[in-house]
Amino acid sequence: MHVAWEIDFEDVAGTEERPDAQSASELITDVLLNVFGSEETMTRAHVMLHVASPLHEQIINEGNAAIERGEEWTAEVGPIRVTLRP
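What counts and what doesn't
Residues numbered from 1 in each chain as written. Predicted model: local features only at pLDDT ≥ 70, side-chain atom pairs only at ≥ 80, totals over all residues. Heavy atoms only, no water. Core = buried A, V, L, I, M, F, W, Y, C linked by side-chain atoms within 4.5 Å. Buried < 20%, exposed > 50% of the residue type's maximum accessible area, 1.4 Å probe, protein only. Helix = DSSP H or I, 4+ residues; strand = E, 2+ residues; numbered from the N terminus. Contact = heavy atoms within 4.5 Å. Pairing = 2+ DSSP bridges.

Caption draft 1: How the structure looks around the nonpolar core. The biggest cluster of nonpolar side chains holds 18 residues, and the ones touching the most others in it are Leu32, Leu55, Ile59, Val82 and Leu84. When residues in this core are grouped by element, the largest group, seven residues, is from helix α2 (residues 41-68).

Caption draft 2: Here's a closer look at the environment of Gln58. Looking at the secondary structure, you find Gln58 in helix α2. With relative accessibility at 23%, the residue Gln58 sits in the partly exposed group. As a C-alpha pair, Gln58 and Val77 span 19 residues in sequence and 9.7 Å in three-dimensional space. Residues within four places of Gln58 in sequence aside, it is in contact with Gly63, Trp73, Ala75 and Val77.

Caption draft 3: The arrangement of the pairing of strand β3 (residues 80-85) in detail. Across five bridges, strand β2 (residues 73-77) lies against β3 in antiparallel orientation. By the bridge assignment, Glu76 is partnered in β3 with Arg81. A loop of two residues connects β2 with β3, the two strands running antiparallel in sequence, and Gly78 in this loop sits at a positive phi of about 60°.

If you want it as structure tokens, here you go:
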């Protein structure tokens, strides 16, 4: 299975302010927890440790820097690909 997200900061529902890299990372974590909510605890832990955590680090560091420069940024960890656009 391959999952791809494209997070357009202007399209994040429920926010009045322009989201930042931290809120994008939190959104991805929430979605992954929802998607894998019915899986066994070990599966959820694996996804959080080996997918969500590395994505979080990349989004906060590399993704945030790219967005601040006005550039599109993409990262892929396992089956998850995330694209951030300014």
